[in-house]
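# Architecture and fold: a report
Below, each chain spelled out in residue letters.
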Amino acid sequence: MVQAVIISSLILLFLSLPIFLVFGIGSSLVAILGLNLPWSTLIQVAFGSVTKHVLLAIPLFIFAGLIMLKAGVARRLVSFAMSLVGHWPGGLGISMVITMAFFAAFCGSILAAITAVGSIMMPEMLKKGYSPAFTVMLAAAAGLLEALIPPSNAAIIYSALTYVPVSKTFAAGTLPGITLMIVLIFLVLFKCRNMEREGKASSQERIIAFKQALPGLVTPVIILGGIYSGLLTPSETAAVASAWAIVVGFLIYRELTFGGILEALKSTIFSTTVIFSIIAMATFLSVVLTYTQAPQKFTETVISLGVNDLQFLLLVGVVCLILGTFIEIVPVFYLTVPVFMVIALKLEIPLVHLYIVFTAFAGLGLLTPPVCVGVYTAASVINISADRAFKEVPLFIIVGILYAIAMIFMPFMSTWLPSLV
């Protein structure tokens with residue numbers, strides 16, 4: 001039965017159907033025709049999957065990030081980052097990476113971050129002589145910070161699948177996210193070592209830039225403080241962040257309009273619909289897996305082969321890397337986590353460590369053709385063909401794989417902070 005799902009899904013995928021239809025049609029046909037399950041069972045499971053309370057945080061964090069963009073927060077974060085590192089070799093590129101990390105701390109949406117920060121930084125980088133290929137790939141690679149640095153939609157979905165508390169999943173992504181930011185900064189320093197540098201900002205200019213960016217810099221404190229103090233759930237924190245974003249836009253920066261709120265709502269609805277349609281349809285596959293006991297059988301096979309924890313995590317990395325090349329990170333989670341989670345528990349691998357391995361490898365799909373959503377999004381921001389950026393893909397993929405492998409061999413990066421929560 002599972003083989004039938006895989007074959008039918010691959011056929012639909014190569015026919016270029018939307019990924020939620022690939023999940024829904026392939027799995028439902030097998031569930032109904034092969035397992036004789038009624039439609040009502042599938043509908044009930046799908047409804048239950050999208051009504052989990054923790055998932056409510058996803059649209060709220062997306063909305064908060066979009067409001068921050070409309071309010072001018074992204075622009076002020078860019079100015080602050082430029083005042084700190086603009087005079088370094090590749091200062092514009094480094095500023096984009098740092099701003100992406102800041103923006104990650106109150107958005108949670110990878111594509112929103114690439115669009116928000118990239119629309120400000122990428123045109124400036126092109127004016128200063130950065131190659132279009134490197135500019136696009138750097139923006140796409142920095143977008144992966146959104147999947148690691150909390151709050152992250154990937155972390156919320158992983159928690160919904162594994163029942164690991166969101167606070168622990170958020171904490172697990174913090175150090176790996178900061179590490180990835182540092183890796184990208186060193187990559188920019190190396191690639192741009194011979195470029196002309198910008199002038200160094202004065203202390204007064206840095207203070208002014210800091211004051212202007214302060215409302216945005218406070219937002220992560222509100223979000224993470226609410227969660228880790230125990231005062232608010234992730235969903236409640238996301239709602240508070242949204243309200244704070246509106247206050248910043250209307251009362252502090254006074255750049256937000258009712259039209260901007262309406263546009264943010266429309267974009268939130270679109271993004272949420274895409275994510276939740278995938279979640280709902282992916283549960284059809286989980287029904288097939290449950291009734292066929294495929295995870296248990298696969299677990300027994302892997303354990304019987306004497307696979308150790310490192311070998312298993314490397315296998316997970318290879319699978320996620322391959323799948324991430326063809327489909328986005330959310331469906332990769334729903335395809336693999338239910339199966340690999342069982343094996344990880346058998347091998348006593350912390351699920352927060354498994355989350356980082358999943359995200360690091362599957363996130364490389366943002367950069368790898370043919371799907372490479374991150375590359376296409378970044379390229380569209382500056383209106384160039386994504387094909388022009390592909391020559392820089394090998395460099396970023398090699399660096400990304402080395403980073404992901406390092407995360408396998410350094411589990412403390414993902415387990416230390418969660419152990420303190």
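### A short note on the overall build of the protein chain
A count of helices and strands for the protein chain gives 21 helices and zero strands. Expected size for 421 residues packed as a compact globule is a radius of gyration near 22 Å; at 21 Å, the protein chain falls within 12% of this value. For the protein chain, the spread of C-alpha atoms along the three principal axes comes to 70 × 45 × 45 Å. Among the 421 residues that make up the protein chain, the fraction classed as buried is 54%. Contacts in the protein chain between residues at least 24 apart in sequence constitute 80% of all its contacts with a sequence separation of at least 6.

### A look at helix α19 (residues 373–381)
Residue pairs three or four apart in sequence face the same way in an α-helix, which turns once every 3.6 residues. Taken residue by residue, α19 has V373, G374, V375, T377, A378 and A379 as its buried positions. Of the surrounding elements, those touching the buried residues of α19 are α7 (110–127) and α8 (132–142). Looking one or two residues past α19, N383 carries a phi angle of roughly 55°, positive in sign.

### Structural notes on empty space enclosed by the protein
Scanning the entire structure with this criterion turns up one cavity of 30 Å³ or more. Computed from the structure, the largest cavity encloses a volume of approximately 110 Å³. Every residue lining the largest cavity is counted, 14 residues in all, and those nearest its centre are A141, L180, L364, L367 and G400. Broken down by secondary-structure element, the contributors of at least two residues to the lining of the largest cavity are α8, α11 (166–191) and α20 (393–409). For the lining of the largest cavity, the element with the highest residue contribution is α20, accounting for four residues.

### Quick word on the packing of aromatic side chains
On inspection of all chains with the given rule, the structure shows 12 aromatic pairs. On the basis of an interplanar angle of 45° and a centroid distance of 5.1 Å, the ring pair of Y158 and Y355 is categorised as tilted. In this pair, Y158 is assigned in helix α10 (residues 153–162) and Y355 in helix α18 (residues 351–362), connecting sequence segments 197 residues apart. Given a relative accessible area of 0%, Y158 falls into the buried group. Residue classification places Y355 among the buried residues on the basis of a relative accessible area of 0%. Put simply, the rings of Y158, F312, F333, F340, Y355 and F358 touch in pairs and so form one group of aromatic residues. Here the guanidinium or amino end of R76 rests over the ring plane of Y253, the centre of that ring lying 3.8 Å away.

### Comments concerning helix α12 (residues 203–228)
At L214, α12 is bent by approximately 55°, the largest bend along its length, and proline P215 sits one to four residues beyond. The set of residues buried in α12 consists of A209, A213, P215, G216, L217, T219, P220, I223, G226 and I227. Close packing links the buried residues of α12 with α4 (57–70), α5 (73–85), α6 (91–104), α11 and α13 (234–252). A positive phi of about 85° marks G230, the residue just after α12.

### Remarks on a nonpolar patch on the surface
Residues L21, I25, L29 and L33 make up a contiguous nonpolar surface patch of about 350 Å² in total accessible area. With respect to the helices and strands, the residue L29 is situated in helix α2 (residues 19–34).

### Quick notes on the environment of A243
Along the chain, A243 falls in helix α13. Using a relative accessible area of 41% as the deciding quantity, one classes A243 as partly exposed. Along the primary structure A243 and P38 are separated by 205 residues, whereas in three dimensions their C-alpha atoms are 43 Å apart.

### Thoughts on the nonpolar core
Where a protein is soluble and globular, its nonpolar side chains tend to be buried together. Ranked by size, the top nonpolar core spans 142 residues in total, and within it I157, F333 and L367 carry the most contacts. The contacts of L367, once residues within four sequence positions are left out, are M137, A140, A141, C372, V375, V393, F396 and I397. Grouped together as the second largest cluster of nonpolar side chains are nine residues, V30, A31, F284 and V287 included.

### Examining the packing of α7 against α19
Two elements in contact, α7 and α19, have axes separated by 9 Å at closest approach and are oriented at 35°. In this structure, α7 crosses over α19, and the sense of that crossing is right-handed. Of the residues in α19, those touching α7 at L111, I114, T115, G118, S119 and M122 are V373, G374, T377, A378 and V381. Taken together, the residues of the contact of α7 with α19 break down into six nonpolar, five polar and no charged.

### Focus on the packing of α2 against helix α14 (residues 258–292)
As a packed pair, α2 and α14 sit with axes 8 Å apart at the nearest point and diverge in direction by 30°. When the axis of α2 is compared with that of α14, the two are roughly parallel. The hand of the α2/α14 crossing is left-handed. Here α2 contributes I19, F20, F23, G24, S27, S28, V30 and A31 to the contact with α14, which in turn contributes S277, I278, M281, A282, F284, L285 and V288. Its residues assigned to classes, the contact of α2 with α14 shows 11 nonpolar, four polar and no charged.

### Describing the pattern of salt bridges
By the definition in use, this model includes six salt bridges. Salt-bridge contacts for E255 lead to R76; the nearest nitrogen and oxygen are separated by 2.8 Å. With E255 in the loop between α13 and α14 and R76 in helix α5, the pair connects residues that are 179 residues apart, well separated along the chain. Overall, the relative accessible area of 15% leaves R76 in the buried class.

Cut-offs applied
- Residues numbered from 1 in each chain as written.
- Predicted model: local features only at pLDDT ≥ 70, side-chain atom pairs only at ≥ 80, totals over all residues.
- Heavy atoms only, no water.
- Helix = DSSP H or I, 4+ residues; strand = E, 2+ residues; numbered from the N terminus.
- Rg over C-alpha atoms; globule rule 2.2 N^0.38 Å.
- Buried < 20%, exposed > 50% of the residue type's maximum accessible area, 1.4 Å probe, protein only.
- Contact = heavy atoms within 4.5 Å.
- 1 Å grid on protein atoms, 1.4 Å probe; cavity = no way out; pocket = protein on both sides within 12 Å on 5 of 7 lines; lining within 4 Å.
- Points joined across faces, edges and corners; volume = space filled by probe spheres on them.
- Phe/Tyr/Trp six-rings, centres within 6.5 Å; stacked < 30°, edge-to-face > 60°.
- Lys NZ or Arg CZ within 6 Å of the ring centre and 35° of its normal.
- Bend = angle between axes of the 7 residues up to and from the residue.
- Patch = residues over 30% accessible without salt bridge, like charges linked within 9 Å, V, L, I, M, F, W, Y side chains within 5 Å.
- Areas by Shrake-Rupley, 256 points an atom, 1.4 Å probe, with all protein chains shown as cover.
- Salt bridge = Lys/Arg side-chain N within 4 Å of Asp/Glu carboxyl O.
- Core = buried A, V, L, I, M, F, W, Y, C linked by side-chain atoms within 4.5 Å.
- Axes fitted to C-alpha atoms, helices over the stretch in contact; angles between N-to-C directions.
- Left-handed = near helix turned anticlockwise from the far one by under 90°.
- Nonpolar A, V, L, I, M, F, W, Y, C, P; charged D, E, K, R; others polar.
- Parallel < 35°, antiparallel > 145°, perpendicular 65-115°, else oblique.

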